[in-house]
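Report on the structure
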Amino acid sequence: MCGVDVDSSGTDGETMGLEEALPSGLLLTTVEKFAGYARKGSLWPATFGLACCAIEMMAAGGPRFDIARFGMEVFRASPRQADLMIVAGRVSQKMAPVVRQIYDQMPAPKWVIAMGVCASSGGMFNNYAIVQGVDHIVPVDIYLPGCPPRPEMLFDAILKLHDKIQDTKLGPNRKAEIVEQEQLALAAPSTLEMKGLLR
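Every value quoted in this text rests on a predicted model; they were computed, and no experiment measured them.

1. Focus: empty space enclosed by the protein
- Per the stated rule, a full pass over the model turns up 1 cavity of 30 Å³ or more.
- Roughly 30 Å³ of internal volume is contained in the largest cavity.
- Taken together, the residues of the lining of the largest cavity break down into 5 nonpolar, 2 polar and no charged.

Rendered as C-alpha coordinates:
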(Lines give C-alpha, C1' and ligand atoms only; values in the text may rest on other atoms or scores of the structure.)
Protein backbone atom coordinates (compact mmCIF):
# COMPACT_ATOMS: atom_id res chain seq x y z
CA MET A 1 0.00 0.00 0.00
CA CYS A 2 1.42 3.31 -1.04
CA GLY A 3 1.96 5.90 1.69
CA VAL A 4 0.39 3.85 4.49
CA ASP A 5 2.27 2.03 7.27
CA VAL A 6 0.56 -0.87 9.01
CA ASP A 7 1.87 -1.36 12.54
CA SER A 8 1.84 -4.61 14.51
CA SER A 9 -1.47 -3.82 16.25
CA GLY A 10 -3.25 -3.82 12.87
CA THR A 11 -4.17 -0.12 12.85
CA ASP A 12 -3.20 2.06 9.95
CA GLY A 13 -0.66 4.78 10.72
CA GLU A 14 -0.32 7.26 7.85
CA THR A 15 3.10 8.59 6.95
CA MET A 16 3.49 12.34 7.12
CA GLY A 17 4.50 13.99 3.86
CA LEU A 18 4.15 17.38 2.20
CA GLU A 19 0.75 16.49 0.72
CA GLU A 20 -0.62 15.72 4.20
CA ALA A 21 0.74 18.94 5.74
CA LEU A 22 -0.97 21.18 3.15
CA PRO A 23 -4.70 21.84 3.02
CA SER A 24 -6.62 19.65 0.58
CA GLY A 25 -6.98 21.01 -2.94
CA LEU A 26 -3.79 23.08 -2.84
CA LEU A 27 -1.46 22.75 -5.83
CA LEU A 28 2.19 23.77 -5.79
CA THR A 29 3.88 24.74 -9.06
CA THR A 30 5.71 27.61 -10.73
CA VAL A 31 4.13 30.17 -13.04
CA GLU A 32 6.31 28.92 -15.91
CA LYS A 33 5.17 25.32 -15.42
CA PHE A 34 1.51 26.33 -15.18
CA ALA A 35 1.74 28.52 -18.29
CA GLY A 36 3.51 25.72 -20.16
CA TYR A 37 0.82 23.23 -19.15
CA ALA A 38 -1.94 25.58 -20.32
CA ARG A 39 -0.18 26.40 -23.60
CA LYS A 40 0.63 22.85 -24.58
CA GLY A 41 -2.99 21.80 -24.07
CA SER A 42 -4.46 24.56 -26.23
CA LEU A 43 -2.46 24.71 -29.46
CA TRP A 44 -4.37 25.99 -32.49
CA PRO A 45 -2.62 25.21 -35.78
CA ALA A 46 -2.93 27.45 -38.81
CA THR A 47 -4.67 26.01 -41.85
CA PHE A 48 -1.59 25.86 -44.03
CA GLY A 49 -0.69 23.07 -46.44
CA LEU A 50 1.63 23.29 -49.43
CA ALA A 51 1.99 19.83 -50.96
CA CYS A 52 1.40 16.11 -50.41
CA CYS A 53 2.29 16.31 -46.68
CA ALA A 54 -0.86 18.39 -46.24
CA ILE A 55 -2.95 15.32 -47.14
CA GLU A 56 -1.40 13.45 -44.21
CA MET A 57 -1.99 16.48 -41.98
CA MET A 58 -5.66 16.47 -43.02
CA ALA A 59 -5.85 12.74 -42.32
CA ALA A 60 -4.55 13.45 -38.80
CA GLY A 61 -7.60 15.64 -38.25
CA GLY A 62 -10.00 12.94 -39.42
CA PRO A 63 -11.85 10.42 -37.22
CA ARG A 64 -9.35 7.60 -37.72
CA PHE A 65 -6.43 9.43 -36.12
CA ASP A 66 -8.34 12.19 -34.27
CA ILE A 67 -5.99 15.08 -33.52
CA ALA A 68 -8.71 16.32 -31.14
CA ARG A 69 -7.13 14.10 -28.47
CA PHE A 70 -4.49 16.81 -28.17
CA GLY A 71 -6.97 19.71 -28.20
CA MET A 72 -5.90 20.71 -31.71
CA GLU A 73 -9.01 20.02 -33.78
CA VAL A 74 -9.50 23.73 -34.47
CA PHE A 75 -7.40 24.53 -37.54
CA ARG A 76 -7.67 28.29 -37.70
CA ALA A 77 -8.18 30.03 -41.03
CA SER A 78 -6.67 33.26 -39.72
CA PRO A 79 -3.01 33.34 -38.64
CA ARG A 80 -3.95 35.88 -35.96
CA GLN A 81 -5.84 33.13 -34.14
CA ALA A 82 -3.19 30.41 -34.53
CA ASP A 83 -0.07 29.71 -32.49
CA LEU A 84 1.29 26.68 -34.40
CA MET A 85 2.39 26.64 -38.03
CA ILE A 86 2.78 23.18 -39.54
CA VAL A 87 4.69 23.75 -42.78
CA ALA A 88 3.46 20.68 -44.64
CA GLY A 89 5.30 20.27 -47.92
CA ARG A 90 7.84 21.98 -50.14
CA VAL A 91 8.19 25.76 -50.07
CA SER A 92 8.91 27.45 -53.40
CA GLN A 93 10.90 30.66 -53.65
CA LYS A 94 7.69 32.40 -54.72
CA MET A 95 5.82 31.10 -51.64
CA ALA A 96 8.60 31.99 -49.15
CA PRO A 97 7.51 35.62 -48.54
CA VAL A 98 3.94 34.42 -47.96
CA VAL A 99 5.14 31.86 -45.38
CA ARG A 100 7.09 34.58 -43.60
CA GLN A 101 4.13 36.97 -43.68
CA ILE A 102 1.81 34.35 -42.17
CA TYR A 103 4.42 33.63 -39.48
CA ASP A 104 4.75 37.34 -38.69
CA GLN A 105 0.96 37.69 -38.36
CA MET A 106 0.75 34.92 -35.75
CA PRO A 107 0.65 36.14 -32.14
CA ALA A 108 3.46 35.25 -29.76
CA PRO A 109 4.19 32.71 -28.43
CA LYS A 110 4.25 30.74 -31.66
CA TRP A 111 5.81 27.48 -32.79
CA VAL A 112 6.70 25.87 -36.13
CA ILE A 113 6.81 22.22 -37.20
CA ALA A 114 8.58 21.47 -40.51
CA MET A 115 6.54 18.48 -41.72
CA GLY A 116 8.23 16.30 -44.28
CA VAL A 117 11.67 16.15 -45.79
CA CYS A 118 10.86 18.89 -48.33
CA ALA A 119 10.02 21.42 -45.62
CA SER A 120 12.98 20.30 -43.51
CA SER A 121 15.73 20.31 -46.16
CA GLY A 122 14.29 20.71 -49.65
CA GLY A 123 14.04 16.95 -50.09
CA MET A 124 14.52 15.61 -53.60
CA PHE A 125 14.01 19.08 -55.06
CA ASN A 126 17.61 20.30 -55.03
CA ASN A 127 17.08 23.17 -57.46
CA TYR A 128 16.73 26.94 -57.64
CA ALA A 129 12.92 26.96 -57.33
CA ILE A 130 12.56 25.28 -53.91
CA VAL A 131 13.74 26.70 -50.57
CA GLN A 132 16.27 24.23 -49.15
CA GLY A 133 14.71 24.10 -45.71
CA VAL A 134 12.01 26.32 -44.27
CA ASP A 135 14.42 27.27 -41.47
CA HIS A 136 15.86 29.78 -43.96
CA ILE A 137 12.58 31.68 -43.61
CA VAL A 138 11.19 31.02 -40.11
CA PRO A 139 12.69 29.51 -36.95
CA VAL A 140 11.69 25.83 -36.73
CA ASP A 141 11.02 24.11 -33.41
CA ILE A 142 10.50 20.50 -34.57
CA TYR A 143 11.74 18.80 -37.74
CA LEU A 144 9.56 15.90 -38.87
CA PRO A 145 11.19 13.60 -41.46
CA GLY A 146 9.40 11.41 -43.97
CA CYS A 147 8.03 11.58 -47.48
CA PRO A 148 5.24 12.04 -46.58
CA PRO A 149 5.24 11.41 -42.83
CA ARG A 150 2.31 9.41 -41.48
CA PRO A 151 -0.18 11.01 -39.06
CA GLU A 152 1.34 8.95 -36.24
CA MET A 153 4.68 10.64 -36.90
CA LEU A 154 2.95 14.03 -36.79
CA PHE A 155 1.48 13.09 -33.40
CA ASP A 156 4.94 12.13 -32.16
CA ALA A 157 6.26 15.53 -33.28
CA ILE A 158 3.34 17.24 -31.53
CA LEU A 159 4.10 15.37 -28.30
CA LYS A 160 7.75 16.43 -28.55
CA LEU A 161 6.58 20.00 -29.11
CA HIS A 162 4.38 19.67 -26.00
CA ASP A 163 7.48 18.77 -23.98
CA LYS A 164 9.33 21.76 -25.42
CA ILE A 165 6.43 24.10 -24.64
CA GLN A 166 6.19 22.76 -21.09
CA ASP A 167 9.81 23.78 -20.48
CA THR A 168 9.57 27.19 -22.21
CA LYS A 169 10.93 30.14 -20.28
CA LEU A 170 8.94 33.31 -19.70
CA GLY A 171 9.85 36.98 -19.79
CA PRO A 172 13.25 38.30 -20.89
CA ASN A 173 14.77 34.81 -21.14
CA ARG A 174 12.17 33.83 -23.75
CA LYS A 175 12.75 37.04 -25.73
CA ALA A 176 16.49 36.30 -25.82
CA GLU A 177 15.79 32.75 -27.07
CA ILE A 178 13.54 34.05 -29.86
CA VAL A 179 16.08 36.63 -31.01
CA GLU A 180 18.83 33.99 -31.04
CA GLN A 181 16.68 31.58 -33.09
CA GLU A 182 15.82 34.31 -35.59
CA GLN A 183 19.49 35.28 -36.01
CA LEU A 184 20.52 31.66 -36.56
CA ALA A 185 17.81 31.21 -39.19
CA LEU A 186 18.79 34.38 -41.03
CA ALA A 187 22.52 33.60 -40.86
CA ALA A 188 22.12 30.14 -42.42
CA PRO A 189 24.27 29.75 -45.55
CA SER A 190 22.60 29.96 -48.95
CA THR A 191 22.04 26.88 -51.04
CA LEU A 192 24.86 27.79 -53.42
CA GLU A 193 27.35 27.82 -50.53
CA MET A 194 26.28 24.40 -49.23
CA LYS A 195 28.41 21.39 -50.06
CA GLY A 196 26.77 17.98 -50.34
CA LEU A 197 26.49 14.84 -52.39
CA LEU A 198 24.96 16.60 -55.38
CA ARG A 199 27.57 19.37 -55.64
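Next, the rest of the story.
2. Some points on the sheet that holds strand β3 (residues 84–88)
- The strand order across the open sheet built from 3 strands is β3-β4-β5, with neighbouring strands paired in parallel fashion. In the strand order of this sheet, the two ends are held by β3 and β5 (142–144), each with one partner. Going from strand to strand, the sheet's axes swing by 15° on average, the running direction of each strand aside.
- Of the pairings in the sheet, the one linking β3 to strand β4 (residues 111–115) comprises 5 bridges and is parallel in character. Of the residues in β4, the one forming a bridge with alanine 88 is methionine 115.
- Against the sheet, helix α3 (residues 53–60) makes contact with β3 and β4, and its axis sits at roughly 135° relative to β3, the strand it touches most.

3. Notes on unusual backbone geometry
- A cis amide bond links alanine 108 with the next residue in sequence, proline 109, at an omega value of 0°.
- Within the fold, proline 109 resides in the loop between α4 (96–105) and β4.
- Cis geometry marks the peptide bond from cysteine 147 to proline 148, where omega comes out at -20°.
- Within the fold, proline 148 resides in the loop between β5 and α6 (151–166).

4. So, the pattern of salt bridges
- Applying the stated criterion across every chain, the model contains 6 salt bridges.
- For aspartate 156, the salt bridge identified is with lysine 160, shortest N-O distance 2.8 Å. Of the two residues, aspartate 156 and lysine 160 are both situated in helix α6; the distance of 4 residues between them amounts to about one turn of the helix.
- Assessed through its relative accessible area of 38%, aspartate 156 is described here as partly exposed.
- Among the charged side chains, a salt-bridge network with shared partners connects Glu56, Arg150 and Glu152.

5. Regarding the packing of aromatic side chains
- Using the criterion set out here, one finds 1 aromatic pair in the structure.
- With 5.2 Å between their ring centres and 55° between their planes, phenylalanine 70 and phenylalanine 155 make a pair best called tilted. Of the two residues, phenylalanine 70 sits in the loop between α3 and β3 while phenylalanine 155 sits in helix α6, which places them 85 residues apart along the sequence.
- Take phenylalanine 70: its relative accessible area is 17%, and that puts it in the buried class.
- What makes phenylalanine 155 buried here is its relative accessible area of 6%.
- Positioned above the aromatic ring of tyrosine 103, the side-chain terminus of lysine 110 is 4.2 Å from the ring centre.

Criteria and cut-off values
- Counting restarts for each chain: residues are numbered from 1 in the order of the written sequence.
- Only residues with pLDDT of 70 or above have their local features reported here, since the model is predicted, and side-chain atom pairs are shown and tallied only from 80 upward, although totals for entire chains, interfaces and linings are computed over all residues.
- Remark: hydrogens and water are excluded; side-chain values derive from all non-hydrogen atoms of the structure.
- Think of a 1 Å grid over just the protein atoms. A cavity is a set of points where a 1.4 Å probe fits yet cannot get out, a pocket is an open set with protein on both sides within 12 Å along at least five of seven lines, and lining residues have an atom within 4 Å of a point.
- Grid points are joined across faces, edges and corners, and a volume is the space filled by probe spheres set on the points.
- Gly is placed with the polar residues, together with every amino acid not listed as nonpolar (Ala, Val, Leu, Ile, Met, Phe, Trp, Tyr, Cys and Pro) or charged (Asp, Glu, Lys and Arg).
- Note: two strands are recorded as paired if DSSP finds a minimum of 2 bridges between them.
- Here a helix means four or more residues in a row that DSSP labels H or I, a strand means two or more in a row labelled E, and each is numbered from the N terminus.
- With axes taken as lines fitted to C-alpha atoms, and helix axes fitted only over the stretch in contact, angles between N-to-C directions fall between 0 and 180 degrees.
- In this analysis, two residues are considered to be in contact whenever any of their non-hydrogen atoms come within 4.5 Å of each other.
- A side-chain nitrogen of Lys or Arg and a carboxyl oxygen of Asp or Glu constitute a salt bridge if their distance falls within 4 Å.
- The cut-offs for exposure are 20% and 50% of the maximum accessible area for each residue type, with area from a 1.4 Å probe on protein chains only; residues under the lower value are buried, those over the upper are exposed, and the others partly exposed.
- Put simply, two rings from Phe, Tyr or Trp (the six-membered ring, in Trp's case) pair if the centres are within 6.5 Å, and we call them stacked under 30 degrees between planes, edge-to-face over 60, tilted for the rest.
- Two limits define a charge over a ring: the Lys NZ or Arg CZ must be within 6 Å of the ring centre, and within 35 degrees of the ring normal.

Purely spatial values, then, with no claim about function.
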